[in-house]
Amino acid sequence: MNFELPDDVVALRDGARDFAVRELAPRAAKADEDEEFVATQWKLCGEGGWAGVTVPESHGGSGLGSLANSAVVIEFARACASTAVTISV
């Protein structure tokens, strides 16, 4: 069995990691402390296409499927658990 990620998923994962470090992590601790949902996080995810990874292209998403979405969620969870949960649903 081959457990390596396909190149397109690796590229998406790496982009998600960069986005999470740059945009999500700086706000995460304060959001947790304040027990607030950070609407800015969700807006940025939408603008960056992170909120539509599993949505078909015909409906404005990326249409990349569950494996790609899982890679994004894992990277987001490293920086902001609440955003990762929101993306996962």
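Residues numbered from 1 in each chain as written. Predicted model: local features only at pLDDT ≥ 70, side-chain atom pairs only at ≥ 80, totals over all residues. Heavy atoms only, no water.

A. Main features of helix H3 (residues 66-79). A rise of 1.5 Å per residue sets the reference length of H3, with its 14 residues, at 20 Å; its end C-alpha atoms lie 20 Å apart and thus fit the reference within 8%. For H3, the full list of buried residues reads Ala68, Asn69, Ala71, Val72, Val73, Glu75, Phe76 and Ala79. Summarising the contacts, the buried residues of H3 are in contact with helix H1 (7-34), helix H2 (39-47) and helix H4 (81-88). (Helix = DSSP H or I, 4+ residues; strand = E, 2+ residues; numbered from the N terminus. Expected span 1.5 Å × (residues − 1). Buried < 20%, exposed > 50% of the residue type's maximum accessible area, 1.4 Å probe, protein only. Contact = heavy atoms within 4.5 Å.)

B. Spatial organisation of the side chain of Asn69. Within the secondary structure, Asn69 is located in helix H3. When its relative accessible area of 12% is taken as the criterion, Asn69 is described as buried. With residues up to four places along the chain from it excluded, the contact list for Asn69 reads Val53, Thr54, Ile87 and Ser88.

C. Quick look at H4. Along H4, the residues that are buried comprise Thr83, Ala84 and Ile87. Buried residues of H4, viewed axially, fall in a sector of 100 degrees; they line one side. H4 presents Ala81 and Val85 as exposed residues on the side facing more than 90 degrees away from its buried surface. In the core, the buried residues of H4 are packed alongside H1, H2 and H3. (Arc of directions from axis to C-beta.)

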